[in-house]
Every structure is written in structure tokens, then in C-alpha cells.
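Take a look at the letters that make up each chain.
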Amino acid sequence: MSNVQLPDALLINGERRESGSGGTIELVDPATETPLCTLPAAGRKEVDEALGAARAAFDGSGWDNINPTKRREALFALARLIREHADEIAEIEARNVGKPIGDARWEINAGARCFEYYAGGISRFGGETIPVSSDGFDFTVRVPVGVVAAIVPWNFPFLMACWKVAPALATGNAVLLKPASLTPLSALRMGELAWEAGVPEGILQVIAGPGSQIGDYLVSHREINKIAFTGETGTGARILKQAADDIKRVSLELGGKSANVVFADADIEAAARQSPMGVFANTGQDCCARSRVLIERSAYDDFRDAFVAATKEIVVGEPLDESTMIGPMVSRGQRETVEGYINLAKDEGARVLCGADRPRDKGFYLSPTVIDGVGNDARVNQEEIFGPVVSLIPFDDEAEAVRLANATPYGLSGSLWTKDVSRALRLARSLRSGVLGVNTVSSVFQEAPFGGFKQSGFGRDLGMEAMKLYTELKNVFIKL
Ligand code: NAP
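Residues numbered from 1 in each chain as written. Predicted model: local features only at pLDDT ≥ 70, side-chain atom pairs only at ≥ 80, totals over all residues. Heavy atoms only, no water.

**Student:** Would you explain the overall build of the protein chain in this entry?
**Tutor:** For the protein chain, the helix and strand inventory stands at 15 helices and 20 strands. Taken over C-alpha atoms, the radius of gyration comes to 23 Å for the protein chain, in line with the 23 Å a tight globule of 480 residues would show. In terms of overall dimensions, the protein chain has C-alpha extents of about 70 × 65 × 40 Å along its principal axes. For the protein chain, with 480 residues in total, the buried portion stands at 59%. (Helix = DSSP H or I, 4+ residues; strand = E, 2+ residues; numbered from the N terminus. Rg over C-alpha atoms; globule rule 2.2 N^0.38 Å. Buried < 20%, exposed > 50% of the residue type's maximum accessible area, 1.4 Å probe, protein only.)

**Student:** What should I look at first to understand empty space enclosed by the protein in this one?
**Tutor:** A probe matching the size of a water molecule, rolled over the atoms, marks out where space remains unfilled. Scanning the entire structure with this criterion turns up two cavities of 30 Å³ or more. A volume near 130 Å³ is recorded for the largest cavity. Along its surface, the largest cavity is lined by 19 residues, and Ala 259, Ala 405, Ser 413, Arg 432 and Ser 433 are the ones closest to its centre. Every element with two or more residues in the lining of the largest cavity is listed here: strand E12 (259-262), helix H13 (398-406) and strand E17 (414-417). (1 Å grid on protein atoms, 1.4 Å probe; cavity = no way out; pocket = protein on both sides within 12 Å on 5 of 7 lines; lining within 4 Å. Points joined across faces, edges and corners; volume = space filled by probe spheres on them.)

**Student:** Before we go on, may I ask you to explain the domain arrangement of the protein chain in this structure?
**Tutor:** One frequent convention defines the size of an interface as the accessible area lost when the parts assemble. Entries for the protein chain in the domain assignment read domain 1 (10-254 + 457-479) and domain 2 (259-445). Centre-to-centre separation of domain 1 and domain 2, based on C-alpha positions: 31 Å. The interface is formed by 26 residues belonging to domain 1 together with 30 residues belonging to domain 2. Approximately 2100 Å² of surface area, both sides summed, lies buried where domain 1 meets domain 2, with 60% of it carried by carbon and sulfur atoms. The three residues of domain 1 that bury the most area against domain 2 are Glu 33, Pro 100 and Trp 154, which together make up 26% of that side's buried surface. Our count for the domain 1 to domain 2 interface comes out at two salt bridges. Between Glu 322 and Arg 105 there is a salt bridge, and its shortest N-O distance comes to 2.7 Å. (Domains from an automatic or database assignment. Contact = heavy atoms within 4.5 Å. Buried area = accessible area lost by both parts, 1.4 Å probe. Salt bridge = Lys/Arg side-chain N within 4 Å of Asp/Glu carboxyl O.)

Here is the structure:
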């Protein structure tokens, strides 16, 4: 049995709260279906208290001081603490989410890197001088938005939290972090380490509480100036409507239905070998999952056979086993949703090429599932399944590939496999997605902007772009 201590308290105004007015959250280990731990749930009372403390800290702690030394040192210290505790947080994440320990370790270290990047970015992010048509000196400054609500999902709990908290703190804001109710543990641990690192207590607070109970209240709260949200498109739309009342700043990282487009002139073997983990990593619970593979018809049979063979080699196992490539799904409900989509695909005429079964008696496991035989218009090819299911679809020429790839409400991620440089450059423009990998299923980097087109949201996480999300741009003119 592990010695890792699971977080058990909300982090409000410098205090660890072991009870909350929202009752409790009962967590289940997705690999065993047994109880994992019980946590306090925040209610409206804790939201009010945390936002009062955030406002007071924003106004009075000097965190947004023009001299950023204090912020930079605290963020570098937090990054160091995250690295020192990486194994511990990775185990918390693996047990809570069901993700493989190797992936979890990578994500925790990527979170530390995120704090380092923005700690370093503080001194490189500023305004410009503008030669205006007047006798004076004109310049712009970036100032923090104020109090930020960072609301994150359950699929990459720690990393998504870092993507929002790090640039928001770096630019001088106060942050209230709300993790998903299924996976609050690593965010709470981050909050504890942040206070230890010297982030003022009201400047970062972490509350867990059901979005269905406190979400609307939190989002429409007058103390919040900016909402940074990652989650489902439907939740994002609801938040956007509520934020409209007092013109809150909003950035939304939402769902996806990304295409992986394979041309016959590509290295078919490499594409077929690498593409399965482009959809099945994190058990398919990935907004970037390339869940539709579009294949030029002349290469279809070869690619399909190699893709299915590579899928069957994926090691499905226990989260804490180092050899595991994919673990269980996060919850019973999520597996049922995905199985519902597999049944729907069969009803829509799909052929199951592999998977679609539960490989273990206990735990929310679902085998990587490959289907074909359903057109791009089918519901399973239009809706985000958010599980280990991929659909293979043939196309006849480049124009059809682009049309099919773009024919969903989403536009988050995608890949393109070709040896033709001209075609790669043409499609890099015409595929309607926020990120694209050419001859790879990787396209997310700390240094580069990440976000969606269409119903996948707006605003960009990562890179220096993210710092813009948490600042207002002010123009100053000095009459000479
Ligand atoms: P979700 O149900 O939308 O929940 C996301 C967060 O919003 C959770 O913390 C949730 O709290 C909270 N929430 C729920 N209702 C709310 C409301 N009315 N007001 C305010 N907050 C509310 O999404 P999910 O199921 O956790 O995550 C999966 C989704 O996230 C997928 O669609 C995936 O594509 C998307 N995602 C997108 C990106 C990206 O960068 N584009 C990255 C990762 C995931 P509770 O958990 O307490 O309900």
C-alpha cells in the first residue's frame, strides 16, 4: 500500500478547510471501483469567502507590483517544489484519474515547466512605444485583469490547472481554481505547494465543489473579472451566456473531433504505427484525440490493417504499472457514455475492427476500439465521444479530405500525413483547427499557442499568447 497522503481540505484564505457547506465529494478509484477518499465540497459560502479573500489580496498584497521580482521568485520556487514532489503528485493523479503512472509523471513535470516558463516570461512580456501624431510620448502597458476563476476538467487535472494558474499568477492576478469534482486532488496539492512557495494566501485558493451546485453562482459572481475555462462545449456556452451580464473576460478551451488525414504518398507504416496513440492516449479522454482518421482510398486497406495491428499492441493495464500504456476510464458514467456511442455506431452500420469490450472484471476499463463503415455525417463522427474509439473513413482526393476534415462543429487539433511539401503547406492553411501536426500526432508545446477554432473555443493557452488572456491592454500618452 502506498504512503502517499491524499489531500483532504479546501484551501481558502490561508486555511485548510476540512468541511464545506456543499457537503462532501466521494472519490472512487477507477482501476478498482473501490472508495478512494472523501473530501469536503465547497458551497456558496466558501465561494463568497474565497472571492472576498481574492479581492482583498489583489488590492492589498502587492502581488501585481510593477517590480515582478516577488512573483518571479515565488513561481520558480513553486516549480521547484512541484519537481521535488513529482512522484507523489503523479501517484495522486494516477490513482484519481486512472492514468498510467508514466504519463502522470510526464504531466506533473510539464506542469513544473509551465511555471518556469511563465516565471521567466514575466520580464519578457510588456507593452510597446507608439509614434503617435502628437507632441508626446505614447506607450502601452499590460495590467492584470484582477480576480480570475480558473475552471478545469478531469482529463488532465494537474496540467490544465497549471496552464491557467501559471500565466494568471505571472501577470499579477488573484486566482480561484476550481478543479473537476471527479479529480480535485492534484489541484489541491498544487495549492498547498504554492502557499509553501510564497504565493500569498488570497492570491491562489483552491475549492472543490460540484459545478452543478456552485458553477452558475461562481461564474456570475460580481467579484470575478475573468473566467478561464476548459471543459465541454455545452458548459462553455452556458458560462459565456452568464459572463455576458457584466462583460466578464472569458477564454474557452472546449471539445474536439479532430481529424488525422493520411494521404497515399505518406509513410503509411509510420502513420499507422504512431496514429493509434494519437487517439487512444489517456484512454481517448483527450480534447485533441484524433478520433476520425481520413485515409486516401488507394492506401485504405494497407493503413487499416497496420493501424488495427498497432492498436492491438497497446498495453491496457493498471495505472501504477510502469508498462501500462492506457488505464481505465475515469468513471463508470464516462465508460457507459462511450459504450453507448459504440452501440450507436453499430446501429449506424459500423463494423467493429477491434476492441469494444471490457478487458478486466474490475475497474472502468474499455479496450481501444476501431470502427469503420460509417460516413462522416454519422453521429459518432460528429460528436465528441471522449473515450477510446476511432473511426476510419476513406476519401478520394485532397478537396474531399479537406471538406470532410472541416465538416464538424469543432476545430481544435489534427494531423496530416504526406511527403508532398506543397500539399502540407496548402492544408496547413485550409484545415480549420487551432493546432496541426504534420507527419506526427504531436502538436502541443509549452512555448506555442494552443486553442480552438469554431465550437472548440477561443483564446489561446500556452506560449506568450496566454499571458495576454490575463491582462488588460492600456495605452498611456504623456504630453511633452
Ligand atoms: P465539463 O463537464 O464541462 O466540466 C469542466 C469543469 O467545469 C469542471 O470543473 C466542472 O465541475 C465545471 N462545471 C460544470 N458545470 C459548470 C457550470 N455550470 N458553471 C461553471 N463550471 C461548471 O467538462 P469535463 O467533462 O470535466 O471535461 C471534458 C471536456 O473537456 C471535453 O469536452 C474535452 O474536450 C474538454 N477539454 C478541452 C480541452 C482544451 O484545451 N480544448 C482540454 C481538456 C479537456 P464539476 O466537475 O464539478 O461538474
